[in-house]
Structure formats: structure tokens, C-alpha cells
Amino acid sequence: QVQLVESGGGSVQPGGSLRLSCAASKLFFSTYAMRWYRQATGKDRELVAGITIAGGSPNYVDSVKGRFTISRDDAKNTVYLQMNSLKPEDTAVYYCNAVSRYFSGRNYWGKGTLVTVSS
């Protein structure tokens, strides 16, 4: 079955950086748009960044523009989220999401990785 496994979370001080990875297995990765969501305690899950197939059209929520960069490596079936200049308000569980470009019902989630930004 399809698996999305996030890694790279952890604790960092404000202003620091982390790089999240999401490794996908058992799906035709290059045909999926990939997204990162996050959910802070007591808040709704929000879309942080997305990237279409072939690495086109990256998009970001306003609060992370200029600080976060999403990228993908189709040869490695992996999507990344480089997070720089981290702020306490970036603290959340970050989830990887895969959405098929061709089959509307194929939408998969990872289990998440915790990012904590605190001094």
C-alpha cells in the first residue's frame, strides 16, 4: 500500500532552519502533486506549500513566503520542505500529502513530523 513517511522534524531555536523530507513508496510519484500541511495545537490544518508535477508552480501560504522552499526529486520519490528563519508560530506537526494528477480519488497522507521552534 502507498506510504508517505516524513522525517527531519525536531526542535530548533527561532531563526534556525530545518529541512523536512517526505519519502513516498508504492505510487507513481511523478504523477502526483505534492503538498505540505501543518497543524498547530488547537488549530485547523493549513496548507503550507505545494508543488505540481515536474516541479512546476510552487506555491506558499503568505506566512512562509520567502522563508520556506518546497522542492521534489522524482528520481528519489521524495519531496522536501526547506524551512529557514523559523519562528515560534511555525511550531506544528507537518504533514506530507500526495494528490494524483489523473485520478481524483487518490489522495494520500503521511503521519506527520513535529517541528518545535522555541528558545
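All of these numbers come straight from a predicted model, not from anything done at the bench. (Residues numbered from 1 in each chain as written. Predicted model: local features only at pLDDT ≥ 70, side-chain atom pairs only at ≥ 80, totals over all residues. Heavy atoms only, no water.)

Caption draft 1: Molecular detail of the overall build of the chain. What the chain contains, in helices and strands, is zero helices and 11 strands. Beginning at the N terminus, the succession of helices and strands in the chain can be written as β-β-β-β-β-β-β-β-β-β-β. Here the C-alpha atoms of the chain give a radius of gyration of 14 Å, agreeing with the 14 Å that 2.2 N^0.38 yields for 119 residues. If you line up the chain on its principal axes, its C-alpha atoms span 45 × 25 × 25 Å. Looking at the chain as a whole, 39% of its 119 residues qualify as buried. Carbon and sulfur atoms provide 47% of the accessible area of the chain, an area that totals close to 6400 Å². Taken as two groups, the 14 positive and 8 negative side-chain charges of the chain have centres that lie 6 Å from each other. (Helix = DSSP H or I, 4+ residues; strand = E, 2+ residues; numbered from the N terminus. Rg over C-alpha atoms; globule rule 2.2 N^0.38 Å. Buried < 20%, exposed > 50% of the residue type's maximum accessible area, 1.4 Å probe, protein only. Areas by Shrake-Rupley, 256 points an atom, 1.4 Å probe, with all protein chains shown as cover. Lys, Arg positive; Asp, Glu negative; His and termini not counted. Charge placed at Lys NZ, Arg CZ, Asp CG, Glu CD.)

The values reported here are purely geometric and, on their own, carry no functional implication.
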